Amino acid sequence: MDALTIAQLGNPILRQQAETLTPSQYNDYAPFFAELEKIMLEHNGVGIAAPQVSESVRAFIVASRPNPRYPNAPMMAPTLMLNPEITWQSEETEKDWEGCLSIPGMRAKVSRSTHIDVRYHTLDGEVVSTRMEGFIARIFQHELDHLNGIVFLDRAD
Ligand SMILES: O=C(NO)N[C@@H](Cc1ccccc1)C(=O)O
Ligand SMILES: [Zn+2]
């Protein structure tokens, strides 16, 4: 696999509806997911979605941690989420700053639900259901948007 590059706003791949992954594909994609995490870390990202490296499948990584771009981000283990869904989201929302590796140099305040219940598959085929809140919930909502062809500027006030 040659080095991945991050698609920039204007690339139609960012406006597509990404395809669901079948469990039989999970292992085929394992090397790709390793590259996906690498390029996210290289760019100091706290998340990245497969369509951003021109792979239009329903998968992303959420990897909040304090870093130069988000010094206050909470610490969590980088988590690969396959076929992710929001099963419930709070009416309560809050506005906060977001950025995007596909739209470098831009930040905007975006309103997101403060609490969400999510469900996703792991690479070994487990189904995880959990609640997220705050900045981590924000990253999840931002990445899920990418799987549906939405970028954060579409939601900026
Ligand atoms: O472009 C991506 N992910 O798609 N990466 C964003 C993730 C993000 C999401 C929400 C709030 C802040 C940051 C980044 O700046 O690392
Ligand atoms: Zn993004």
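Above this text is the structure in question.
Reading the values: rules and limits
- Residues numbered from 1 in each chain as written.
- Chains lettered and ligands numbered in written order.
- Predicted model: local features only at pLDDT ≥ 70, side-chain atom pairs only at ≥ 80, totals over all residues.
- Heavy atoms only, no water.
- Pairing = 2+ DSSP bridges.
- Helix = DSSP H or I, 4+ residues; strand = E, 2+ residues; numbered from the N terminus.
- Axes fitted to C-alpha atoms, helices over the stretch in contact; angles between N-to-C directions.
- Donors = N, O, S within 2.8 Å, 3.2 Å for Na, K, Ca; no water.
- Buried < 20%, exposed > 50% of the residue type's maximum accessible area, 1.4 Å probe, protein only.

For the rest of this paragraph, the subject is the sheet that holds strand β3 (residues 79-89). Ordered by their spatial adjacency, five strands build an open sheet running β1-β2-β3-β6-β7, and the pairing between neighbours is antiparallel. Each end of this open sheet is capped by a strand with a single partner; those strands are β1 (47-49) and β7 (127-133). In this sheet, adjacent strand axes meet at a mean angle of 40° when their direction is disregarded. The pairing of β3 with strand β6 (residues 115-121) spans five bridges and is antiparallel. Note on β6: the bridge partner recorded for Gln 89 is Ile 116.

So, on to the coordination of the zinc ion (ligand 2). Every protein donor of the zinc ion (ligand 2) is listed here as Cys 100 (SG), His 142 (NE2) and His 146 (NE2), and their distances to the metal cover 2.1 to 2.3 Å. Ordering the donors of the zinc ion (ligand 2) by residue number gives the pattern C-x41-H-x3-H. Of the two residues, His 142 and His 146 are both situated in helix α3 (residues 134-147); the distance of four residues between them amounts to about one turn of the helix.

So, on to the environment of Ala 63. On the secondary structure map, Ala 63 appears in the loop between β2 (59-62) and β3. Ala 63 gets classed as buried once you look at its relative accessible area, which sits at 1%. Taking the C-alpha atoms as reference points, Ala 63 and Met 40, 23 residues apart in sequence, are found 8.9 Å from one another.

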